[in-house]
Amino acid sequence: QVQLVESGGGLVQAGDSLRLSCAASGRTPSTYAMGWFRQAPGKEREFVAAVNWRLGSTYYADSVKGRFTISKDNAKITVYLQMNSLKPEDTAVYYCAVGSSAWHLGRTPPIVDYWGQGTQVTVSS
């Protein structure tokens, strides 16, 4: 079992930056990926970004490329999502996720082994 604890959400203005963190604990598998999804009110949950833990390769949704950066801290088993140039349409609950690979997280539908509880990000115009 893996536990995921997210932090860093909040209320910001358009153009601001925010960094989300997700710390994993428990029995993390030997080969895995961590990533972020988001769900806006009335919309389906969508993939945002993922990183393959061993290789460090990263993947992004087109809507956040160039603005968001996913990174990891191996020692802390923590993944971060640096969000720059935030827009009102980025407003959503952001969820951390663990899967077998970034491909599993980024596919439609995603194959997610564990979810975090979510953290709210609100961007005002």
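So, here is what we can say about the structure in this document.

Conventions adopted
Residues numbered from 1 in each chain as written. Predicted model: local features only at pLDDT ≥ 70, side-chain atom pairs only at ≥ 80, totals over all residues. Heavy atoms only, no water. Buried < 20%, exposed > 50% of the residue type's maximum accessible area, 1.4 Å probe, protein only. Helix = DSSP H or I, 4+ residues; strand = E, 2+ residues; numbered from the N terminus. Pairing = 2+ DSSP bridges. Salt bridge = Lys/Arg side-chain N within 4 Å of Asp/Glu carboxyl O. Phe/Tyr/Trp six-rings, centres within 6.5 Å; stacked < 30°, edge-to-face > 60°. Lys NZ or Arg CZ within 6 Å of the ring centre and 35° of its normal.

So, about the pairing of strand E4 (residues 33-39). For E4, the buried fraction is high: 6 of the 7 residues fall into the buried class. Relative to strand E5 (residues 46-52), E4 is paired through 6 bridges, and the arrangement is antiparallel. Looking at the pairing, Gly35 lines up with Ala50 of E5. Bridging between E4 and strand E9 (residues 92-99) involves 7 bridges; their strand directions are antiparallel. Directly across from Arg38, in E9, lies its bridge partner Tyr94.

Let us now look at the pattern of salt bridges. One pass over the full model with this rule turns up 4 salt bridges. One salt bridge connects Asp90 with Arg38, and the closest N-O pair in it is separated by 2.9 Å. Of this pair, Asp90 sits in the loop between strand E8 (78-83) and E9 while Arg38 sits in strand E4; the two residues are 52 residues apart in sequence, bridging distant segments of the chain. With relative accessibility at 0%, the residue Asp90 sits in the buried group. Between Lys65 and Asp62 there is a salt bridge, with its nearest N and O atoms 3.2 Å apart. The class of Asp62 is exposed, set by a relative accessible area of 64%. Among the charged side chains, a salt-bridge network with shared partners connects Arg38, Glu46, Arg67 and Asp90.

Once that is clear, we can look at the environment of Pro88. Along the chain, Pro88 turns up in the loop between E8 and E9. The partly exposed category is assigned to Pro88, whose relative accessible area is 34%. Along the sequence, Pro88 and Ala75 sit 13 residues apart, while their C-alpha atoms lie 34 Å from each other.

Applying the stated criterion across every chain, the model contains 4 aromatic pairs. Residues Tyr32 and Trp53 carry aromatic rings whose centres are separated by 5.4 Å and whose planes lie at 20 degrees to one another, so their mutual orientation is stacked. One end of the pair, Tyr32, is in the loop between strand E3 (18-26) and E4; the other, Trp53, is in the loop between E5 and strand E6 (58-60), and 21 residues separate them in sequence. Comparing Tyr32 with Trp53, the two get one shared label, buried. Here Phe37 and Trp115 contribute two aromatic rings whose centre-to-centre distance is 5.0 Å and whose plane-to-plane angle is 70 degrees, an arrangement assigned as edge-to-face. Here Trp115 lies in strand E10 (residues 114-115) and Phe37 lies in strand E4, a separation of 78 residues in the sequence. Grouping aromatic residues by their ring pairs yields a cluster made of Phe37, Phe47, Tyr95 and Trp115. We note Arg45 situated over the ring of Tyr95; from NZ or CZ to the ring centre the distance is 3.6 Å. Lys72 extends its terminal NZ or CZ atom over the ring of Trp53, reaching a point 5.2 Å from the ring centre.

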